[in-house]
Amino acid sequence: MHSTIPQPVCVLGSTGSIGVSTLDVLARHPDKYSVFALTARDRVEELAQQCRKYAPRYAVVLDEQKAQQLQLALRNEDLPTEVLWGVDALCRVASDTEVAVVMAAIVGAAGLQPTLAAVRAGKKVLLANKESLVMAGPLFMAALAGSDAQLLPIDSEHNAIFQCLPYPCDDLRQAGVERILLTGSGGPFRTTALEALDNVTPDEACNHPNWSMGRKISVDSATMMNKGLEFIEACYLFHATPADIQVVVHPQSIVHSMVQYRDGSLLAQMGNPDMRTPIAHALAFPERIDSGVSALDLITQGRLDFEAPDEARFPCLRLAREAMEAGGSAPTVLNAANEIAVDAFLGGDLPFPGIARVIEKVMKTTPVVELTDLDAVELADRIARERACEVLEELYGTHKGMPCPQSRSM
């Protein structure tokens, strides 16, 4: 039986690339979905424009000053929108009793608390914030198991794996799965001479050959840390061990991931590289709706290439695997160090290969502890960020006396 009342949707991180794509899909189906809340870190004008178009019940920003700016921008608008600010407000709109679906698209550590709030409130959570699982995987999965929430992956790779597995699938071996093949494009520097990487610029690193993404995620793709974080996330999402997952470089970004079965079958999910496809899939699951993405033409595409990743070129893949194997706070440390290093690279404070060097030294010099609760996660995250700032100063003479940012975007 289909509901005739549109489902209220909360979009956490609505001004980012995933948020914008989500709103595009929602706008195609006004009979099925309504916009309940929109949030952004500091893109006040973009958020104001979204409020004018979608008229949400709530709009949330990072701090009180940004909230005042947003209120000023909307002062002459006849809108039902109430402006809120802060982490508590994020958690409030993500767990509101009226909300049916939460798109968790806040980038970085800032997305953890509101995403957890949505899970604990039993929402249908569309997870694009991989850091929630990387930072606090065991706690996150325990919260999921203790609630009525439904978790659907939005990363194109995890969504592809989800589509290639039986549903539900709590045991890969019982389902006959031999291994998961996690694909990645290799980013803009897949064939760049290693000695030239010292001179690449942030703009070059953000110029992804296939995907349009935010700057932090684009840099992660260039280092393949994005794939490393997805590797960790996949272990939690699909109850897999590190040995169950193989990373495969696929430059065309047409095969989004694959699942190999015991009987020799290899199931792949394919499509044009557009995030609206996994967003539409997760929004409507188990049904299918129009995403606005054109159908894949394999004849025009012509060829699909696959190769093993070069860990000398992409050391972040090795670091992510080592963090997952170490367990405890190691993935939290990895993620925190990466956010600091990427922030420094984007700010011109260290060369591109320095990202991996900083992360590795932080991991080697930061003790791994058990994560017993969210406070332990936040403490491990803070210690790792402070250590990353120290390492930046030790190796490159940067960030001296500067506060360590929590995340580039919310």
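Before reading further, recall that the structure is shown in the block above.
Residues numbered from 1 in each chain as written. Predicted model: local features only at pLDDT ≥ 70, side-chain atom pairs only at ≥ 80, totals over all residues. Heavy atoms only, no water.

(A) Up close: empty space enclosed by the protein. A complete count under the given rule lists two cavities of 30 Å³ or more for this structure. As a volume, the second largest cavity reaches approximately 40 Å³. As for the second largest cavity, its lining consists of Ser156, Asn159, His256, Gln269, Gly271, Asn272, Asp274, Thr277 and Pro278. Where the lining of the second largest cavity is concerned, the elements lending two or more residues are helix H7 (156–164) and helix H11 (276–284). (1 Å grid on protein atoms, 1.4 Å probe; cavity = no way out; pocket = protein on both sides within 12 Å on 5 of 7 lines; lining within 4 Å. Points joined across faces, edges and corners; volume = space filled by probe spheres on them. Helix = DSSP H or I, 4+ residues; strand = E, 2+ residues; numbered from the N terminus.)

(B) Geometry of the nonpolar core. Leu70, Met103, Leu165, Leu334, Phe352 and Ile359 are the most contacted members of the largest nonpolar core, which totals 137 residues. Among the elements that line this core, the one with the most residues is helix H14 (residues 330–346), at eleven residues. (Core = buried A, V, L, I, M, F, W, Y, C linked by side-chain atoms within 4.5 Å. Buried < 20%, exposed > 50% of the residue type's maximum accessible area, 1.4 Å probe, protein only.)

(C) Seen up close, the state of the cysteines. For the coordinates displayed, the defined rule picks out zero disulfides. There is no disulfide at Cys10, and the cysteine sulfur nearest it, in Cys91, is 10 Å away. (Disulfide = S-S within 2.5 Å.)

(D) Molecular detail of unusual backbone geometry. The step from Tyr167 to Pro168 runs through a cis peptide bond, and the omega angle for that step is -5°. Take Pro168: it is sitting in the loop between H7 and strand S8 (177–184). The peptide bond linking Phe285 to Pro286 adopts the cis configuration, its omega dihedral lying at 10°. As for its position among the elements, Pro286 is in the loop between H11 and helix H12 (298–301). Phi angles above zero are rare outside glycine, and Ala55 is one such case at about 50°. With respect to the helices and strands, Ala55 occurs in the loop between helix H2 (44–54) and strand S3 (58–61). Phi is positive for Ser253, close to 55°, though the residue is something other than glycine. Relative to the assigned elements, Ser253 resides in the loop between strand S9 (245–249) and strand S10 (255–261).

(E) Main features of the packing of helix H5 (residues 112–120) against helix H6 (residues 131–145). Where H5 contacts H6, the two axes come as close as 11 Å, and the packing angle between them is 15°. When the interaxial angle is binned, H5 and H6 end up roughly parallel. Handedness of the crossing formed by H5 with H6: right-handed. Along its contact with H5, which presents Leu112, Thr115, Leu116, Val119 and Arg120, the element H6 presents Ser132, Met135, Ala136, Phe140, Ala143 and Leu144. When the residues that make up the contact of H5 with H6 are grouped by side-chain class, the tally is eight nonpolar, two polar and one charged. (Axes fitted to C-alpha atoms, helices over the stretch in contact; angles between N-to-C directions. Parallel < 35°, antiparallel > 145°, perpendicular 65-115°, else oblique. Left-handed = near helix turned anticlockwise from the far one by under 90°. Contact = heavy atoms within 4.5 Å. Nonpolar A, V, L, I, M, F, W, Y, C, P; charged D, E, K, R; others polar.)

(F) Representation of the packing of aromatic side chains in the model. Counted by the stated rule, this structure contains six aromatic pairs. On the basis of an interplanar angle of 75° and a centroid distance of 5.1 Å, the ring pair of Phe189 and Phe352 is categorised as edge-to-face. Of the two residues, Phe189 is situated in the loop between S8 and helix H8 (202–205) and Phe352 in the loop between H14 and helix H15 (354–365); the sequence distance between them amounts to 163 residues. Accessibility classification places Phe189 together with Phe352 in one group, the buried group. Plain terms: the ring middles of Phe345 and Phe352 are 5.6 Å apart, the flat faces sit at 70° to each other, and that makes the pair edge-to-face. Here the two residues Phe345 and Phe352 agree in accessibility, since each one is buried. (Phe/Tyr/Trp six-rings, centres within 6.5 Å; stacked < 30°, edge-to-face > 60°.)

(G) Local environment of a nonpolar patch on the surface. A cluster of nonpolar side chains, Met270, Leu298, Leu304 and Phe306, forms an exposed patch at the surface whose accessible area comes to about 330 Å². Relative to the helices and strands, Met270 resides in strand S11 (residues 266–270). (Patch = residues over 30% accessible without salt bridge, like charges linked within 9 Å, V, L, I, M, F, W, Y side chains within 5 Å. Areas by Shrake-Rupley, 256 points an atom, 1.4 Å probe, with all protein chains shown as cover. Salt bridge = Lys/Arg side-chain N within 4 Å of Asp/Glu carboxyl O.)

(H) Focus on the side chain of Thr223. Topologically, Thr223 is positioned in helix H9 (residues 215–223). In contact with Thr223, not counting residues within four places along its chain, are Phe314, Cys316, Phe352 and Ile355.

(I) Representation of the pairing of strand S7 (residues 150–153). Across four bridges, strand S6 (residues 124–127) lies against S7 in parallel orientation. Each residue of the ladder has a partner; that of Lys124, found in S7, is Gln150. For the crossover from S6 across H6 to S7, the handedness is right-handed. (Pairing = 2+ DSSP bridges. Right-handed = clockwise from strand over helix to strand, strands pointing away.)

(J) Looking closely at the packing of helix H1 (residues 17–27) against H11. Interhelical geometry of H1 versus H11 gives an angle of 60° and a closest axis separation of 9 Å. Classified by the interaxial angle, the pair formed by H1 and H11 is oblique. Crossing angle aside, the handedness with which H1 passes H11 is right-handed. When H1 is examined against H11, the residues Ile18, Ser21, Thr22, Asp24, Val25 and Leu26 are found in contact with a partner set consisting of Arg276, Ile279, Ala280 and Leu283. Residue classes in the contact of H1 with H11 are distributed as six nonpolar, two polar and two charged.

(K) Here's a closer look at the layout of surface pockets. Approximately 790 Å³ is the volume found for the largest pocket. Ser17, Val107, Met213, Gly214 and Ile217 are, among the 48 residues lining the largest pocket, the residues nearest its centre. Where the lining of the largest pocket is concerned, the elements lending two or more residues are H1, H7, S8, H9, helix H10 (225–237) and S10. In terms of residue count, the dominant contributor to the lining of the largest pocket is H9 (five residues). Residues of the lining of the largest pocket, tallied by class, amount to 14 nonpolar, 21 polar and 13 charged.

Limitation: the analysis is restricted to geometry and does not speak to function.
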